Amino acid sequence: MLAATYVMLAVVAMVTGKLDPPERHCKILMLTPVSSQSHKNVFMPLARALADRGHQITILSENPTSSDYPNIIEVTHELTSQEPPDMFEYMKDWNGGWTLFETLLPDYVKNLYKDPSVKDLYERRKEFDLFVVDHEFNEIVYPFLHEASFIMVNTPGIDYRQSAVLGNVFNPAYVPNINSDFPRPFSIWHRFINTLIQIVFAIYWRNWVIVPQLQKEISAQFPELPPLLELERNMSLALMNTHFSIGIPLPLLPSQVEVGAMHCRPANPLPQELESWITGAGSSGVIYFNLGSFSRGSYMPVQYRDVFLQAFRRLPQRVVWKYEGELKNVPDNVMITNWVPQQDILAHNNVKVFITHCGLLGTQESIYHATPLLGLPIFADQNRNSMFIRNSGVGDFLLWEELTEDVIVNAINDIINNPKYKDNILRKSKLMRDQPVSPTELAVFWTEYVIRHKGAPQLRSPAAQLSWVEFLMLDVIFLLHLTVFFLYFITRRILRVIYAKIFSANDSIKKKRE
Ligand SMILES: *[C@@H]1O[C@H](CO)[C@@H](O)[C@H](O)[C@H]1NC(C)=O
């Protein structure tokens, strides 16, 4: 009865957008020590919402946030003092930039647990009720997870490898891999390529190159621990940074919860200077150009930089360009700035197009605030996101190597002047906001659920226990073949005997007649 009342209350609370107060206040450790700022941006809304409910949140990352927030303790390790990598150098990488980690991760794993703040957290790990782990390239924190409850966050939305670990193998006939997506429906060639990429990339990461290197070092430091990938299998839940309204509808397990775009929020007023620059552009509107925190403008090869400056010079719009560094010969209609309140700009009525590297968070923000996109993907999931932008009609993308003044001017003119892009993105924006509870509330509910139910084993799919041979039923298929062969031989045998009987009977009749 009490349980039923509780469930009722919880349901009512969710519909009205207010969760019940938590049963108790918990200590939660969020682990994202290898990440760009954007990964941290996925964690922060959840961290703040949990902190608001009285839980004590500790976050291990490499990017401190500037503000103090009650109940949130930020721990940053000292392993990255160098500049962020120049991802333009990885544009031609065979696996979309992931090769970077072949050198980066082994360095991290050598030093992570020697870092005093990390060592301290590791020694205190039994204090925490739950760990929330960034799945993407953070296998090195798995030692924390031994004999503990933990959930994972899929910062890049869909990760077919992680889904497979939970027991849900996505079908490569229509689910994109991490790096690329294709026009829909996939042709036979695209399905072939997609299947190959999914298999090769998973094996490259987990079995051949990356994880084995980390495993070696971790085994040396923690000889008593089970293998990293064994520890990973004990995850309770995945919070996926995706939603079917801004992605594709997927068959999901109860342990896979879509909480995409937790960081999207209504606009705040712009700083005066930006506001008057944007409003002052009049009816021509404004182009917003930002390649994100990771792929800095100052890394942009000179020939691209110049071609953009020339193209902007020819356009009637004003441009807000986030660029870190000095720029010469900037046209009058271009404002260069090294800091921007991105969501507040995207929400402004007079901003007509967002030129982006197609990071997932920026793409989500642009859809939320209904500003059409012009993509220039650089690496990893940016290629996948750019194809999503084209497939869903909320913008288009260009390839860096094909950039000319004309190509840029034509693409911008098309997106600003053809109403279909704005119509499509307005519709998507509405769809994305049409949810029973906010994605953050949903994430809070499921996080507390896993704590309340001590790891929530009821969520585990039996599929997660199976080996590949069992899951793909290779053994059963083999047995079926055996059965067919067996039946075939038996039938043949019997028929032979029967035939032999009939013929010998015929023979003896013939003989008698003679
Ligand atoms: C698996 O998770 C449960 C709770 O979620 C925990 O109690 C158990 O110790 C974990 N097992 C291992 C081997 O880490």
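Residues numbered from 1 in each chain as written. Predicted model: local features only at pLDDT ≥ 70, side-chain atom pairs only at ≥ 80, totals over all residues. Heavy atoms only, no water.

**Let's talk about the environment of R496**
Applicable threshold: For the purposes of this entry, the term helix denotes a DSSP run of H or I that reaches at least four residues, the term strand denotes a run of E that reaches at least two, and both are numbered from the N terminus.
Structurally, R496 can be placed in helix α18 (residues 474–513). Taking C-alpha positions, R496 is 86 Å from V320, a pair spaced 176 residues apart along the chain.

**Quick notes on the site of the ligand**
Short version of the rule: Proximity is defined per residue: if any heavy atom of the residue lies within 4 Å of a molecule or strand, that residue is considered near it. Pairs of N or O atoms are called polar contacts if they sit within 3.5 Å, as long as, within protein, a hydrogen donor faces a hydrogen acceptor (for residues adjacent in sequence, only side-chain-to-side-chain pairs). In these tables, accessible area is a Shrake-Rupley quantity obtained with a 1.4 Å probe, and a residue counts as shielded only by the protein chains included in the view. Polar here means any residue outside two lists: the nonpolar Ala, Val, Leu, Ile, Met, Phe, Trp, Tyr, Cys and Pro, and the charged Asp, Glu, Lys and Arg; Gly therefore counts as polar.
Around the ligand sit L145, H146, E147, A148, S149, N234, K454, G455 and R460, and those are all the residues in its vicinity. In this structure, an oxygen atom belonging to the ligand sits 2.7 Å away from a main-chain N or O atom of E147. In the model, an oxygen atom of the ligand is placed 3.1 Å from a nitrogen or oxygen of the S149 side chain. Alone, the ligand offers 370 Å² of accessible surface; in the complex the protein occludes 62% of this. Of the residues that constitute the shell around the ligand, the class distribution is two nonpolar, four polar and three charged.

**Brief notes about the domain arrangement of the protein**
For clarity, the cut-off: Where a domain begins and ends is set by an automatic assignment or by a domain database.
Its domain assignment divides the protein into domain 1 (2–262 + 438–468), domain 2 (272–433) and domain 3 (473–513). A separation of 58 Å is found between the C-alpha centroids of domain 1 and domain 3.

**Notes on the side chain of T337**
We apply this condition: Only heavy atoms enter the contact rule, under which two residues are in contact if any of them lie within 4.5 Å.
With respect to the secondary-structure elements, T337 resides in strand β10 (residues 334–337). If near-sequence neighbours (up to four positions away) are discounted, T337 is found in contact with V320, W321, K322 and Y323.

**Considering the UniProt feature "transmembrane region" (unreviewed entry) in the protein**
The test is simple: UniProt positions are given in the numbering used here, feature names are shortened, and annotations may be inferred rather than shown by experiment.
This chain's UniProt record puts "transmembrane region" (unreviewed entry) on residues 468–491. When the span residues 468–491 is considered, its composition is 92% helix and 0% strand, and the gap between its end C-alpha atoms is 34 Å.

**What about the sheet that holds strand β1 (residues 27–32)?**
For clarity, the cut-off: Strand pairing is defined by DSSP finding a minimum of two bridges between the two strands. Note on geometry: axes are lines fitted to C-alpha atoms, helical ones only across the stretch in contact, with angles between N-to-C directions running from 0 to 180 degrees.
Within the open sheet, the seven strands sit side by side as β3-β2-β1-β4-β5-β6-β7. Their pairing is parallel. One side of each edge strand has no neighbouring strand; the edge strands of this open sheet are β3 (72–76) and β7 (256–258). Across the sheet, the axes of successive neighbouring strands diverge by a mean angle of 20°, strand direction being ignored. In the sheet, strand β4 (residues 130–134) pairs with strand β5 (residues 150–154) via four bridges, with the strands oriented parallel. From the neighbouring strand, V132 faces β5, where its bridge partner is I151.

**Some points on the sheet that holds strand β11 (residues 351–356)**
Taken in spatial order, the six strands of this open sheet run β10-β9-β8-β11-β12-β13, and their pairing is parallel. Two strands lie at the open edges of the sheet, namely β10 and β13 (395–397), each paired on one side alone. On average, each strand axis in the sheet is tilted by 15° relative to the strand beside it, whichever way the strands run. Summarising the sheet, strand β8 (residues 286–290) and strand β9 (residues 318–322) pair through four bridges and their orientation is parallel.

**Considering the environment of L100**
The condition that has to hold: Throughout this description, buried means an accessible area under 20% of the type-specific maximum (1.4 Å probe, protein chains only), exposed means over 50%, and partly exposed covers the range between.
On the secondary structure map, L100 appears in the loop between β3 and α3 (101–111). You can call L100 buried: its relative accessible area is 8%. Between the C-alpha atom of L100 and that of P316, which follows or precedes it by 216 residues, the distance is 40 Å. Ignoring sequence-local partners within four residues, the contact set of L100 consists of P85, M87 and Y90.

**Quick word on the packing of helix α6 (residues 188–208) against helix α7 (residues 210–221)**
Convention followed: Each angle is binned into one of four classes, with values under 35 degrees roughly parallel, values over 145 roughly antiparallel, values of 65 to 115 roughly perpendicular, and all other values oblique.
Orientation of α6 relative to α7, taken along the N-to-C sense of each, is 10°, at an axis distance of 3 Å. Viewed along their axes, α6 and α7 adopt a mutual orientation that is roughly parallel. Across the interface between the two elements, Y204, W205, R206, N207 and W208 from α6 touch I210, V211 and P212 from α7. In terms of residue class, the contact of α6 with α7 is made up of six nonpolar, one polar and one charged.

**A closer look at the pattern of salt bridges**
Here is the rule we go by: A carboxyl oxygen of Asp or Glu within 4 Å of a side-chain nitrogen of Lys or Arg is what we treat as a salt bridge.
With the rule as written, the count across this model stands at 16 salt bridges. K40 serves as the salt-bridge partner of E74, at 2.9 Å between the closest nitrogen and oxygen. On the criterion of sequence distance, the pair formed by E74 in strand β3 and K40 in helix α2 (residues 37–52) is long-range, its members being 34 residues apart. We classify E74 as partly exposed; its relative accessible area is 25%. With a relative accessible area of 0%, K40 lands in the buried category. A single salt-bridge network, built from bridges that share partners, covers K27, D120, R124 and E127.

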